[in-house]
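Chain residues, written in single-letter form:
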Amino acid sequence: QVQLVESGGGLVQPGGSLRLSCVASGSIFRINTMGWYRQAPGNQRELVASITSGGATGYADSVRGRVTISRDNAKNTVYLQMNSLKPEDTAVYYCNYKQIGVNSWGQGTQVTVSS
C-alpha cells in the first residue's frame, strides 16, 4: 500500500500562483509514475500532469506552459507549481501514484481561483 498526503491548496486570485505538494509513504517501488489530477463540480476527474521516476513529464493541453510538475525521489514527494491561474482551474486536485499492481490516490486539496 502507498499513502499520499497533499498540501498547498487554497484561494488565489486570477493570475496568481500556487504550489501543491504530495508526500508518498509506504511500499514505494523505485519505478513509478506520480501525477496530479483534478475534478471540478459536475466534471470527470482529469489528468493535469504526470512525472515518471525517471523524470519524464506530461501535461494536459489546458495547463501546458502554466504548470510545472517536479519530484524529489529522495523525499518521495511530487510538486505541482501552478502559475497564471484561471478561474477554470478551480477544482479539487488529487495526487496519484502508479506502479505495477498499485494505483493510489490522495484525499484531495481544494484550489479555488477567484477574485
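Residues numbered from 1 in each chain as written. Predicted model: local features only at pLDDT ≥ 70, side-chain atom pairs only at ≥ 80, totals over all residues. Heavy atoms only, no water.

Peer 1: How would you summarise the nonpolar core if you had to cite specific residues and measurements?
Peer 2: Buried together is how nonpolar side chains tend to be arranged in soluble globular proteins. Counting residues in hydrophobic clusters, the biggest one holds 28 residues, and the most contacted among them are Trp36, Leu80, Met82 and Tyr93. When contributions to this core are tallied by element, the ones reaching two or more residues are strand E1 (2–7), strand E3 (18–26), strand E4 (33–39), strand E5 (46–52), strand E7 (67–72), strand E8 (77–82), strand E9 (91–99) and strand E11 (109–113). With near-sequence residues (within four places) excluded, Tyr93 lies in contact with Glu6, Leu20, Trp36, Tyr37, Arg38, Val48, Leu80, Met82, Gly108, Thr109 and Val111. (Core = buried A, V, L, I, M, F, W, Y, C linked by side-chain atoms within 4.5 Å. Buried < 20%, exposed > 50% of the residue type's maximum accessible area, 1.4 Å probe, protein only. Helix = DSSP H or I, 4+ residues; strand = E, 2+ residues; numbered from the N terminus. Contact = heavy atoms within 4.5 Å.)

Peer 1: Which residues make up the pattern of salt bridges, and what values do they have?
Peer 2: Summed over all chains, the structure comprises four salt bridges. With a closest N to O distance of 2.9 Å, Asp89 and Arg38 form a salt bridge. Of the two residues, Asp89 is situated in the loop between E8 and E9 and Arg38 in strand E4; the sequence distance between them amounts to 51 residues. Arg38 carries the same exposure label as Asp89, and that label is buried. Between Asp61 and Arg64 there is a salt bridge; the shortest N-O distance is 2.9 Å. (Salt bridge = Lys/Arg side-chain N within 4 Å of Asp/Glu carboxyl O.)

Peer 1: Describe in detail the pairing of E7, supporting the description with residues and values.
Peer 2: Side chains Val67, Ile69 and Arg71 project from E7 onto a buried face, and the interleaved Thr68, Ser70 and Asp72 project onto a face without burial. Here six bridges tie E7 to E8, and the two strands are oriented antiparallel to one another. Of the residues in E8, the one forming a bridge with Arg71 is Val78. (Pairing = 2+ DSSP bridges.)

Peer 1: Got a sec to walk through the environment of Gly26? Specific residues and values, please.
Peer 2: Note on placement: Gly26 falls in strand E3. Residues Gly26 and Gln3, spaced 23 residues apart in sequence, show a C-alpha to C-alpha distance of 6.1 Å. Those residues in contact with Gly26 that lie beyond four places of it in its chain are Gln1 and Gln3.

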